[in-house]
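So the chains spell out like this:
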Amino acid sequence: MSKDFSEDNHIPFWISFTTYLGYGVLMLMGYIREMFRQVFPSKKRSTEKGYAPLLRDFDDFYTRRLYYRIRDCWNRPINTRPAAHIGVMERTSDDYNITFKMTGKTIPCINLSSYNYLGFAENPPYVLDAVKNSIKKFGVASCSPKSEFGYTAPLRKLEQLTAEFVGKESALVIGMGFATNSTTLPLIAGKGSLIISDNLNHASLVAGSRGGAARIKVFQHNNFRQLENIVKKSIWEGQPRTHTPWSRILIIVEGIYSMEGEIINLSEIVAIKKKYGCLLFVDEAHSIGAIGKTGRGVCEYRNVDPKDVDVLMGTYTKSFGSIGGYVAASKELIDMLRANTGGSLYATSLAPATAQQAVSALEVIMGRDGSNLGKKAISNIAENARFFRAGLVKLGLTVYGDDASPVIPALLYNPAKMPAFSRECMKRGLAVVVVGYPATPLIESRVRFCISAGHTREDLVTALEIVKEVSEIVMIRYEGDIPDESATKKSAKEKKTQ
Amino acid sequence: MASTTTSFTREVWNLLVSNPNDILDWLHKEVTGNPVHVTVEVLCLVFIFYMWGMKPHKRHAIPPGEEPTREEKDELIRNWKCAAYDKHTLSEFEVEGEKEMVVVGYEGNKIDVEGVGLCKDFSTFNHLGFATHDKVIKNSLEAVDHYGVGSCGPRGFYGTIQPHLVLEEQLKKCYGTQAAIIYSFQYNTLASIIPAFAGRSDIIVADKGINMGISNGVFLSRSKLHWYDNNDYSQLEEHLKSIAAKQGANPTRRWIVTEGTFRNTGEITDLKKLIELKKRYKFRLMLDDTYSMGVLGKTGLGICEENGIPTSEVDVYVGGMDTVLGSIGGFCVGSNTIVDHQRLSSVGYCFSASLPPFSAVASSTALEIMSESSSSIATLRKNCLTARLCLSKSGLSFTNSEKSAIFHITFPASSSLSRPAQEETLSKIVADLLSKGIAVTRSKYSLSEPFPPKPSIRLTMSAAFTESEVRESMTTICETVKSAMAK
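Residues numbered from 1 in each chain as written. Chains lettered and ligands numbered in written order. Predicted model: local features only at pLDDT ≥ 70, side-chain atom pairs only at ≥ 80, totals over all residues. Heavy atoms only, no water.

1. Remarks on the overall build of chain B
Phase 1 of the analysis: When helices and strands are counted, chain B shows 18 helices and 16 strands.
Phase 2 of the analysis: Computed over its C-alpha atoms, the radius of gyration of chain B comes to 32 Å, more than 25% above the 23 Å expected for a compact globule of 487 residues.
Phase 3 of the analysis: By its C-alpha atoms, chain B is 115 × 60 × 50 Å across when sized along the principal axes.
Phase 4 of the analysis: Buried positions account for 54% of the 487 residues belonging to chain B.
Phase 5 of the analysis: In chain B, once contacts between residues fewer than 6 apart in sequence are set aside, the share between residues at least 24 apart is 69%.
Phase 6 of the analysis: For chain B, the accessible surface area stands at approximately 22,200 Å², while carbon and sulfur atoms represent 56% of it.
Phase 7 of the analysis: The positive charge centre, built from 51 side chains, and the negative charge centre, built from 55, are 3 Å apart in chain B. (Helix = DSSP H or I, 4+ residues; strand = E, 2+ residues; numbered from the N terminus. Rg over C-alpha atoms; globule rule 2.2 N^0.38 Å. Buried < 20%, exposed > 50% of the residue type's maximum accessible area, 1.4 Å probe, protein only. Contact = heavy atoms within 4.5 Å. Areas by Shrake-Rupley, 256 points an atom, 1.4 Å probe, with all protein chains shown as cover. Lys, Arg positive; Asp, Glu negative; His and termini not counted. Charge placed at Lys NZ, Arg CZ, Asp CG, Glu CD.)

What follows is the structure, given as structure tokens:
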């Protein structure tokens, strides 16, 4: 049973005190070094006369004095495909992480970091052959936008199949997931509209919301009462100053919040949206393909009719091993977007090979390739996620999120534990992702495991053994010793949703 | 620490409880001995109590007293209706009944359009044919075998795959800069970079001709914006002069944002003039040179190479891999400071999946071939000249810049047709040319465009055609356009 994020997240006093103390020491050291630099300025970083400094003071302080010390934990290059096992290229630094040199050695690791939920990075032959044929047939890329000559046959098939898969009338595919949100949201919620956004929403949703003329209000994650109050107040109050009614109110949430590993309680939000007649946008970047009995995402998982969600957005990066994003909605909305969004008018269309990868992956998931590969992948990931999460809970780590989510964050709290955990795991052949401020709250640094259908039981058992060893060294067994029974019992929440 | 706190508390408690007279004596001593100190302390205490007692200031959208009653609120909520998404009504940039072209294959320099057949490609940006080049395809197939398709993560989380590093190293060397960074989508490359270097207190002077991808970035930065007409350097200088004079000795970050070759007009910018102006008035320059690549410069590296100016003179130089390099994605080259900052602060880089490895391999191969053989660039130049000659003879209005491989053919200034009527004529021209086996495109714009350009037919030149093929096709194009515009 992992912690429900919406429950009391009281962080023990000792942990928060020592974490703040850790930051305090780091910042003090940083400031002392800044003062030295004022006295002995570095030629490399001086600004030419007459110009303002290129970077603002605080941005630069955080980067140089905090981030650079532990920079080796991120951007680790690999020289294999991002499958269940990867080869990490070893790097060393002679100048405290300012520059890196490759040693030429490759470290084989179990990969608990890549978004390879259904294991398509393993290159199943059905998909690989189709992709290679499409490169031979269409070339490497289209070099043209969808509105001109970039609308290739695989791209058309992808739009049709995506709409069918998610249960909407029509879909529009854009070559990058981030750009899908940032180029379509300004049109979906235009002038005179209000966006009510979850405070934990992804940067692309924030960029898209700010990119248009709509006003934005934010509600605390999972605080549905606050959401309802904001909706009610916005309706009777109307637009600021003029008090004319809002033309549209759009609620934006995600299917799975990847930093919390949590699956949104969609039925509650749909209830609110139906009661007041608002619109709902769900970003299923992490949930499509990864949850639900047939991989159809959060609507299937929460037994919500896709017709009740106005716009379903998702990406092909995580569960389909490709790149790009889609929005699926009514024909009217998609037609409007197709004619006006930069992602379809000006941007180069999704390359035919990457469209084909997504098409073939969808066919496998839907069982249209004639095999049960898709079914197996969906059941594998559910089982793997449950097994690994239970294993972590048993070790006494503080684990967030829902049992069915393949994204499993475990708390480290202290900033120094991030590099410690990451480096110790790397030494033992386990590739993990650690995240801290600003992606997470200041004192809640965490390690985020991403489970794949491509992981075997042996992989996960080995990984758990490594995590056990490292968690003892780094001292993150905050929940103490867990008796066997409670770790393997299914949570009451799980029973309710199934 | 806990023990000292306890003992202190105990002492104070003892003092208070044991002998009240001692406290009064102490107070008397303080007040007579340090009156100023006591006054200040008392004032502080009063202030603290005042702040504590103050009710939190509630900002009322509607002043209290004018707020609706509960029944009125309920009625407003009951009656409110969200606007539905109605059947799409065409904007002035769209044409009724215009079909979407579906491409079902390619053959040499022709694209196979569904329902039409093979058409000469005068529309895509595949100027040198790298998207369908044998060696590029071979290397891409090998890369797909080895790396799969997607990178399954952002660069920070094991999404950095060896071909990315190879490509960045290659770009750095080609352009002679300190560092290079690649993005997975060209359209929002500069749009991600701008907000990382310009904020609310900064200034951007932008050319009105920039495409919507860049203008989105300029608006997102929330900087103070100044616009100047396309390639109008005197207007640009006026802006720079007045801003520099106003800011004096306390400059904020100031940027000029423009393109090397403008996608929307095909015109080429005067880089020498830009560099001179930016140095004189102490501005920095952001240049998106995507549409000059493969066209300008001896080895196709763009406008800097063409003018013999080192790329490092441009502070933020952006290019694309989805045009001449025949792949997808964008890149930025510059100093270590510029590039390193983007790795943490550019949203399109940090929070987005990295480029598929096979696309990086394709770009690397294309870049290598392009830098080694300048003969195809020379062929492209010749074809552009041939095209220009045909267009001049026909008397049509088209792009002025001589070296551009993008031609926008517009209506003459004297045309009295409305925009929708012009767009409809252009649409008919495109359909007509398609039936004759020539693929060109009508420039399409969004109703979100800040400065929509004039309606135009856009054709891009390719090195894949022989001189006679170009002449023949251009004659057909010119005749078709002329007769349609004359109606």
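2. Here's the deal with helix H8 (residues 266-276) of chain A
In an α-helix, one turn spans 3.6 residues; hence positions three or four apart end up facing the same way.
Residues and elements named next belong to chain A.
Phase 1 of the analysis: Buried residues of H8: Leu266, Ile269, Val270, Ile272, Lys273 and Tyr276, and no others. The buried residues of H8 occupy an angular sector of 160° when projected down its axis, which confines them to one face. Across from the buried face of H8, at angles greater than 90 degrees, the exposed residues are Lys274 and Lys275.
Phase 2 of the analysis: Residue Gly277 follows H8 closely and has a positive phi angle near 80°. (Arc of directions from axis to C-beta.)

3. Quick look at a nonpolar patch on the surface
All names here are of chain A.
Phase 1 of the analysis: Residues Phe13, Trp14, Phe17, Leu21, Val25, Leu28, Met29, Ile32, Met35, Phe36, Val39 and Phe40 make up a contiguous nonpolar surface patch of roughly 1,300 Å² in combined accessible area.
Phase 2 of the analysis: By the element assignment, Ile32 lies in helix H1 (residues 13-39).
Phase 3 of the analysis: Here Ile32 falls in the partly exposed class, since its relative accessible area comes to 34%. (Patch = residues over 30% accessible without salt bridge, like charges linked within 9 Å, V, L, I, M, F, W, Y side chains within 5 Å. Salt bridge = Lys/Arg side-chain N within 4 Å of Asp/Glu carboxyl O.)

4. So, the sheet that holds strand S6 (residues 203-207) of chain B
Through backbone hydrogen bonds, the strands of a sheet pair up, either in parallel or in antiparallel fashion.
All names here are of chain B.
Phase 1 of the analysis: The seven strands lie next to each other as S5-S11-S10-S9-S8-S6-S7, forming an open sheet whose pairing is mixed. The open sheet has two edge strands, strand S5 (179-183) and strand S7 (224-228), and neither has a second partner. Strand-to-strand twist in this sheet, taken as the mean axis angle between neighbours without regard to direction, amounts to 20°.
Phase 2 of the analysis: Of the strand pairs in this sheet, S6 and S7 are connected by five bridges, and their pairing is parallel. For Ile203, the partnering residue across the bridge sits in S7 and is Lys224.
Phase 3 of the analysis: On the sheet, helix H11 (residues 271-281) packs against S7, strand S8 (254-259) and strand S9 (284-288) and is oriented at approximately 155° with respect to S9.
Phase 4 of the analysis: Contacts from helix H13 (residues 336-345) reach S5, S8, strand S10 (316-320) and strand S11 (330-334), with the element oriented near 30° to S5. (Pairing = 2+ DSSP bridges. Axes fitted to C-alpha atoms, helices over the stretch in contact; angles between N-to-C directions.)

5. Comments concerning the interface of chain B and chain A
Phase 1 of the analysis: Of the residues lining the interface, 107 residues belong to chain B; the matching set on chain A comes to 109 residues.
Phase 2 of the analysis: Carbon and sulfur atoms make up 65% of the area that chain B and chain A hide from each other, which totals about 9,200 Å².
Phase 3 of the analysis: Among the residues of chain B in contact with chain A, Trp80, Tyr85 and Tyr158 of chain B are the three that bury the most area, contributing 12% of the side total.
Phase 4 of the analysis: The interface formed by chain B and chain A includes four salt bridges.
Phase 5 of the analysis: Seen at the junction of chain B and chain A, the total is 33 residue pairs in polar contact (both at pLDDT 80 or more).
Phase 6 of the analysis: Here the side of chain B that touches chain A takes eight residues from helix H5 (residues 134-147) of chain B, the largest share from any one element.
Phase 7 of the analysis: Considered class by class, the residues forming the side of chain B that touches chain A number 54 nonpolar, 30 polar and 23 charged.
Phase 8 of the analysis: Bridging between strand S1 (residues 77-78) of chain A and strand S4 (residues 160-161) of chain B involves two bridges; their strand directions are parallel. For Ile78 of chain A, the partnering residue across the bridge sits in S4 of chain B and is Ile161 of chain B. (Buried area = accessible area lost by both parts, 1.4 Å probe. Polar contact = N/O pair within 3.5 Å; in protein donor to acceptor, adjacent residues only side chain to side chain. Nonpolar A, V, L, I, M, F, W, Y, C, P; charged D, E, K, R; others polar.)

6. Quick look at the environment of Val470 of chain A
Residues and elements named next belong to chain A.
Phase 1 of the analysis: Within the secondary structure layout, Val470 lies in helix H15 (residues 457-474).
Phase 2 of the analysis: Owing to a relative accessible area of 0%, Val470 belongs among the buried residues under this scheme.
Phase 3 of the analysis: Between the alpha carbons of Val470 and Pro352 there is a distance of 44 Å; along the sequence they are 118 residues apart.
Phase 4 of the analysis: Every residue in contact with Val470, bar those within four places of it in the chain, is listed here: Phe421, Glu424, Cys425 and Arg428.

7. A closer look at the packing of helix H7 (residues 224-237) of chain A against helix H4 (residues 70-79) of chain B
Phase 1 of the analysis: Remark: H7 of chain A packs on H4 of chain B, axes separated minimally by 8 Å, with the N-to-C direction vectors making an angle of 95°. With respect to H4 of chain B, the axis of H7 of chain A lies roughly perpendicular. Listed contacts from H4 of chain B to Lys232, Ile235 and Trp236 of chain A of H7 of chain A are Lys73, Leu76 and Ile77 of chain B.
Phase 2 of the analysis: Of the residues that constitute the contact of H7 of chain A with H4 of chain B, the class distribution is four nonpolar, no polar and two charged. (Parallel < 35°, antiparallel > 145°, perpendicular 65-115°, else oblique.)

8. Quick look at unusual backbone geometry
Phase 1 of the analysis: Positive phi, normally seen in glycine, also occurs at Met475 of chain A, with a value near 60°.
Phase 2 of the analysis: Relative to the helices and strands, Met475 of chain A resides in the loop between H15 and helix H16 (484-488).
Phase 3 of the analysis: Phi at Asn231 of chain B is positive, roughly 60°, even though this residue is not glycine.
Phase 4 of the analysis: The residue Asn231 of chain B is located in the loop between S7 and helix H10 (233-247) in this model.

9. Things to note about H10 of chain B
Residue and element names in this part refer to chain B.
Phase 1 of the analysis: Compared with an ideal rise of 1.5 Å per residue, which puts 15 residues at 21 Å, H10 spans 21 Å between its outermost C-alpha atoms and is within 8% of the ideal.
Phase 2 of the analysis: Among the residues making up H10, those that are buried are Tyr233, Leu236, Glu237, His239, Leu240, Ile243, Ala244 and Gln247. Angular distribution of buried residues about the axis of H10 spans 160°; they occupy a single face of the element. Exposed residues on H10 whose side chains face more than 90 degrees from its buried face are Ser234, Glu238, Lys241, Ala245 and Lys246.
Phase 3 of the analysis: Where the residues of H10 are buried, they touch S6, S7, S8 and H11.
Phase 4 of the analysis: Just past H10, the residue Gly248 takes up positive phi, approximately 60°. (Expected span 1.5 Å × (residues − 1).)

10. Examining the packing of aromatic side chains
Phase 1 of the analysis: Applying the stated criterion across every chain yields a total of 23 aromatic pairs over all chains.
Phase 2 of the analysis: Centre to centre, the rings of Tyr346 of chain A and Tyr187 of chain B are 6.3 Å apart; their planes meet at 20°, and the pair counts as stacked. Taken together, the positions of Tyr346 of chain A in the loop between helix H11 (342-345) and helix H12 (352-365) and Tyr187 of chain B in the loop between S5 and helix H8 (189-197) put the pair across two chains. Grouping residues by exposure puts Tyr346 of chain A and Tyr187 of chain B together as buried.
Phase 3 of the analysis: Their ring planes at 75° and their centres at 6.3 Å tell us that Phe93 of chain B and Tyr445 of chain B sit as a pair that is edge-to-face. Taken together, the positions of Phe93 of chain B in the loop between H4 and strand S1 (103-107) and Tyr445 of chain B in the loop between strand S15 (441-442) and strand S16 (456-460) put the pair 352 residues apart, joining distant regions of the chain.
Phase 4 of the analysis: Taking the relative accessible area as the measure of exposure, Phe93 of chain B reaches 5% and is therefore buried.
Phase 5 of the analysis: You can call Tyr445 of chain B buried: its relative accessible area is 3%.
Phase 6 of the analysis: Here the aromatic cluster, defined as three or more aromatic residues joined through ring pairs, consists of Tyr346 of chain A together with Phe93, Phe185, Tyr187 and Tyr445 of chain B.
Phase 7 of the analysis: Here the basic side chain of Arg91 of chain A rests over the ring of Phe100 of chain A, its NZ or CZ set 4.1 Å away from the ring centre.
Phase 8 of the analysis: The ring of Tyr151 of chain A carries the charged tip of Lys146 of chain A above its face, separated from the ring centre by 4.5 Å. (Phe/Tyr/Trp six-rings, centres within 6.5 Å; stacked < 30°, edge-to-face > 60°. Lys NZ or Arg CZ within 6 Å of the ring centre and 35° of its normal.)

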